[in-house]
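# Reading the structure
Given next are the chains, with one letter for each unit.
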Amino acid sequence: MYAKLTHKLYLLEVKGMKVVKKVIYSGMQPTGVITLGNYLGALKNWVNLKDDYNCIFGVVDLHSLTVRQEPAQLRKQARDILILYIAAGIDPEENIVYFQSHVPAHAELAWVLNCYTYMGELSRMTQFKEKSSKQGENINAGLYTYPTLMAADILLYQTDLVPVGDDQKQHLEITRDIAQRFNQVYGDVFKIPEPYIAKSGARIMSLQEPTKKMSKSDTNPNGYIHLLDEPDVIMKKIKRAVTDSNREIVYSADRPGIKSLIDIYQCFTQESIETILDRFQGKGYGELKQAVGEVIVEEFKPIQNKFKELQKDKAYVDSLIKKNSETANYLANKTMRKVKKKLGLPPLVK
Ligand code: AQP
């Protein structure tokens, strides 16, 4: 098994050398195509972190089952997201990109952690309250225990840092609480992860309802931009973005539409808000929208080209999926063996 592992990090480990880089874990649900929000709040930051950390990025397909998915579409979306990770710049030879459902230890550890998590804690989760108010009758147990599966994702890989958007901070806090509770009883089994919140792009808002976050499962496609949207579609969606009836470009919480467009522009250009306001002084909303659309199109274009290239090379992508899932399984099983031993579950008889 060890000989099959080709990721540099794990070769070092196999050779008994000290691994110095910290571990980062994050993931996305294949509930749709990656949006501008997912890109700026997560993927773009991952690419910036990938050389300085040992990164593990999951396509967290088990999480997406809390909402009913159409099977063929789920399969396609999951593969597209994994390919988009690579197309955006994640190196699958150095870092790990994999499907959560290819590593059975996620579900196994989630069950164990359920037994160390209190109902009161889960009931306080904002995401549960929000999603259960939207899902009609389908308020399933998976939606409720979503945070324990997320805790399992993170803790299985002895993660140091978790880059999360604003909306996921609470889930990371509960992960830390569960890990600390478990460690108090059984010793140092899990590393206690810290949040990594990027300086910009933490919360990108819907283009149609700028007080609501942009979401890939939004029923209104004008509310989000997909990473795979064609340039003319991107320009059209930005031009239709809801603003207000004022004319002057100002950055203020009570002008959420225009503020959100400036935030998006800032994430791409890395310019300060003051510089951006100077640049657009005396100009109208139309000019700002044109500029925002153009920076998005320009950055997405090479990613889209790389995506199309990779999508055609099925054998190569399949080989990456196989190799990466082997490494993920190796690491996850290492933690899982330790957990089972500490809990007193009977060892396998060979
Ligand atoms: N609007 C956003 N702005 C900044 N970051 C965001 N993220 C999500 N939306 C925004 C970050 O993207 C990562 C992946 O999220 P996820 O796929 O696990 O699910 P989510 O947070 O629920 O994202 P969506 O797009 O809103 O999915 P649906 O519609 O299925 O609920 C996370 O790091 C998240 O913080």
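A quick note: this is a predicted structure, and the numbers were derived from the prediction, not measured.

## Notes on the site of the ligand
- Close to the ligand lie 21 residues; Thr31, Ile204, Ser215, Lys216 and Ser217 are nearest.
- Within the side chain of Lys213, an N or O atom sits 2.8 Å from an oxygen atom of the ligand.
- Alone, the ligand offers 640 Å² of accessible surface; in the complex the protein occludes 96% of this.
- Counting residues per element, the ones that place at least two in the shell around the ligand are strand S1 (23-28) and helix H2 (36-49).

## What to know about the nonpolar core
- Formed by 63 residues in total, the largest nonpolar core has its most connected members in Leu43, Tyr85 and Ile296.
- Among the elements that line this core, the one with the most residues is helix H13 (residues 285-312), at eleven residues.
- In this structure, Ala110, Leu149, Ile178 and Tyr186 belong to the second largest nonpolar core, which totals 43 residues.

## Examining the domain arrangement of the protein chain
- Domains assigned within the protein chain are domain 1 (2-201 + 314-343) and domain 2 (221-307).
- A C-alpha centroid distance of 30 Å is found between domain 1 and domain 2.
- Between domain 1 and domain 2, the residue contacts involve 15 residues of the former and 16 residues of the latter.
- For the pair domain 1 and domain 2, the two sides together bury roughly 1,400 Å², of which 76% comes from carbon and sulfur.
- The tally of links between domain 1 and domain 2 comes to one salt bridge.
- Residue Glu299 is joined to Lys44 by a salt bridge in which the shortest nitrogen-to-oxygen separation is 2.8 Å.
- When contributions to the side of domain 1 that touches domain 2 are tallied by element, the ones reaching two or more residues are H2 and helix H3 (71-88).
- Among the residues making up the side of domain 1 that touches domain 2, the classes are represented as ten nonpolar, three polar and two charged.

## With respect to unusual backbone geometry
- Backbone geometry places Gln158, a non-glycine residue, at a positive phi of 50°.
- Looking at the element boundaries, Gln158 is found in the loop between helix H8 (146-156) and strand S4 (161-163).
- Positive phi, normally seen in glycine, also occurs at Gln270, with a value near 60°.
- Taking relative accessible area as the criterion, Gln270 reaches 53% and is therefore assigned exposed.

## What to know about the packing of H2 against H3
- Look at H2 against H3: their axes get within 10 Å of each other, and the N-to-C directions meet at 45°. In terms of axis orientation, H2 runs oblique to H3. When the axes of H2 and H3 are compared, the crossing they make is right-handed. Residues Leu43, Trp46 and Val47 of H2 lie in contact with H3, whose contacting residues are Leu84, Tyr85 and Ala88.
- Per-class residue counts for the contact of H2 with H3 are six nonpolar, no polar and no charged.

## Regarding the environment of Met205
- On the secondary structure map, Met205 appears in the loop between strand S5 (194-196) and helix H10 (231-239).
- It is 32 Å that separates the C-alpha atoms of Met205 and Glu94, two residues lying 111 residues apart in sequence.
- What Met205 contacts, discounting residues up to four positions off in sequence, is Pro210, Thr211, Lys212, Lys213, Met214 and Ser260.

## Let's talk about H3
- If you check H3, its first and last C-alpha atoms are 26 Å apart, about what 18 residues at 1.5 Å a residue would give, namely 26 Å.
- Burial in H3 covers these residues: Leu74, Gln77, Ala78, Asp80, Ile81, Leu82, Ile83, Leu84, Tyr85, Ile86, Ala87 and Ala88.
- Positive backbone phi, at 130°, marks Gly89, one or two positions downstream of H3.

## Structural notes on the pairing of strand S2 (residues 54-59)
- Of all six residues in S2, six are buried, a share of seventy percent or more.
- Side chains Asn54, Ile56 and Gly58 of S2 all project onto a buried face; the interleaved residues Cys55, Phe57 and Val59 project onto the opposite face, where all are buried too.
- In the sheet, S1 pairs with S2 via six bridges, with the strands oriented parallel. Bridge pairing in S2 places Met28 opposite Val59.
- In the classification by handedness, the crossover that spans S1, the intervening H2 and the parallel S2 is right-handed.
- Pairing of S2 with strand S3 (residues 96-99) involves four bridges; the strand directions are parallel. Bridging across to S3, Ile56 finds its partner in Ile96.
- The parallel pair S2 and S3 is bridged by H3, and the resulting crossover is right-handed.

What counts as what
Residues numbered from 1 in each chain as written. Predicted model: local features only at pLDDT ≥ 70, side-chain atom pairs only at ≥ 80, totals over all residues. Heavy atoms only, no water. Near = heavy atom within 4 Å. Polar contact = N/O pair within 3.5 Å; in protein donor to acceptor, adjacent residues only side chain to side chain. Areas by Shrake-Rupley, 256 points an atom, 1.4 Å probe, with all protein chains shown as cover. Helix = DSSP H or I, 4+ residues; strand = E, 2+ residues; numbered from the N terminus. Core = buried A, V, L, I, M, F, W, Y, C linked by side-chain atoms within 4.5 Å. Buried < 20%, exposed > 50% of the residue type's maximum accessible area, 1.4 Å probe, protein only. Domains from an automatic or database assignment. Contact = heavy atoms within 4.5 Å. Buried area = accessible area lost by both parts, 1.4 Å probe. Salt bridge = Lys/Arg side-chain N within 4 Å of Asp/Glu carboxyl O. Nonpolar A, V, L, I, M, F, W, Y, C, P; charged D, E, K, R; others polar. Axes fitted to C-alpha atoms, helices over the stretch in contact; angles between N-to-C directions. Parallel < 35°, antiparallel > 145°, perpendicular 65-115°, else oblique. Left-handed = near helix turned anticlockwise from the far one by under 90°. Expected span 1.5 Å × (residues − 1). Pairing = 2+ DSSP bridges. Right-handed = clockwise from strand over helix to strand, strands pointing away.

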